[in-house]
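# Chain and residue survey
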Amino acid sequence: VSTVGVTPNMRRLTKDLPEVNLALSLHAPNQPMREAIVPTAKMYPIQDMVDALDEHMMSLVKNKSSTDGTFDNASERKLVSKKKRA
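What comes next concerns the included structure.

### Considerations on the overall build of the protein
Helices and strands together make up the secondary structure of the protein, namely four helices and two strands. Walking the protein from its N terminus toward its C terminus, one meets helices and strands in the order β-α-β-α-α-α. Considering the protein as a whole, with its 86 residues, one finds that 23% of them fall into the buried category. A separation of at least 24 residues holds for 44% of the contacts in the protein among residues at least 6 apart in sequence. Working note: accessible area of the protein is about 6,000 Å², and carbon and sulfur atoms make up 58% of it.

### Some thoughts on the environment of Met10
Looking at where Met10 falls in the secondary structure, it is placed in helix 1 (residues 7–16). Using a relative accessible area of 2% as the deciding quantity, one classes Met10 as buried. For Met10 and Met49, which are 39 residues apart along the polypeptide, the C-alpha to C-alpha distance reads 8.1 Å. Each residue touching Met10, except ones within four places of it in the same chain, is listed here: Thr3, Gly5, Leu22, Leu24, Met49, Ala52 and Leu53.

### Focus on the pattern of salt bridges
Counted under the stated rule, the structure contains one salt bridge. Residues Arg11 and Glu55 are paired through a salt bridge, measuring 2.9 Å at the closest nitrogen-oxygen approach. Residue Arg11 is found in helix 1, and its partner Glu55 is found in helix 3 (residues 46–68); the two are separated by 44 residues along the sequence.

### Describing the side chain of Thr7
Checked against the element boundaries, Thr7 lands in helix 1. Judged by its relative accessible area of 7%, Thr7 falls in the buried class. In contact with Thr7, other than residues within four places in its own chain, are Tyr44, Asp48, Met49 and Ala52.

### Focus: helix 1
Within the sequence span of helix 1, burial applies to Thr7, Met10, Leu13 and Thr14. The buried residues of helix 1 occupy an angular sector of 115° when the element is viewed end-on, so they sit on one face.

Conventions used here
Residues numbered from 1 in each chain as written. Predicted model: local features only at pLDDT ≥ 70, side-chain atom pairs only at ≥ 80, totals over all residues. Heavy atoms only, no water. Helix = DSSP H or I, 4+ residues; strand = E, 2+ residues; numbered from the N terminus. Buried < 20%, exposed > 50% of the residue type's maximum accessible area, 1.4 Å probe, protein only. Contact = heavy atoms within 4.5 Å. Areas by Shrake-Rupley, 256 points an atom, 1.4 Å probe, with all protein chains shown as cover. Salt bridge = Lys/Arg side-chain N within 4 Å of Asp/Glu carboxyl O. Arc of directions from axis to C-beta.

Here it is as structure tokens:
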């Protein structure tokens, strides 16, 4: 799903469909330029969109690791590896 950055809808997607990939179209490298190009930019600042995108990505990683046996971080992998050897 591609979005211009309507953060409430991004968060709703994360809640309802965390397995769906999310693409964010900024249209500009900074907030002032974005506000000149994108009508909704004043309502949804870049930092809020980045935070919502981070939440979505973490939800995707968390969901993936719990369903396919992969792990989020090295310490988690080491712990499982250690348990397997014991």
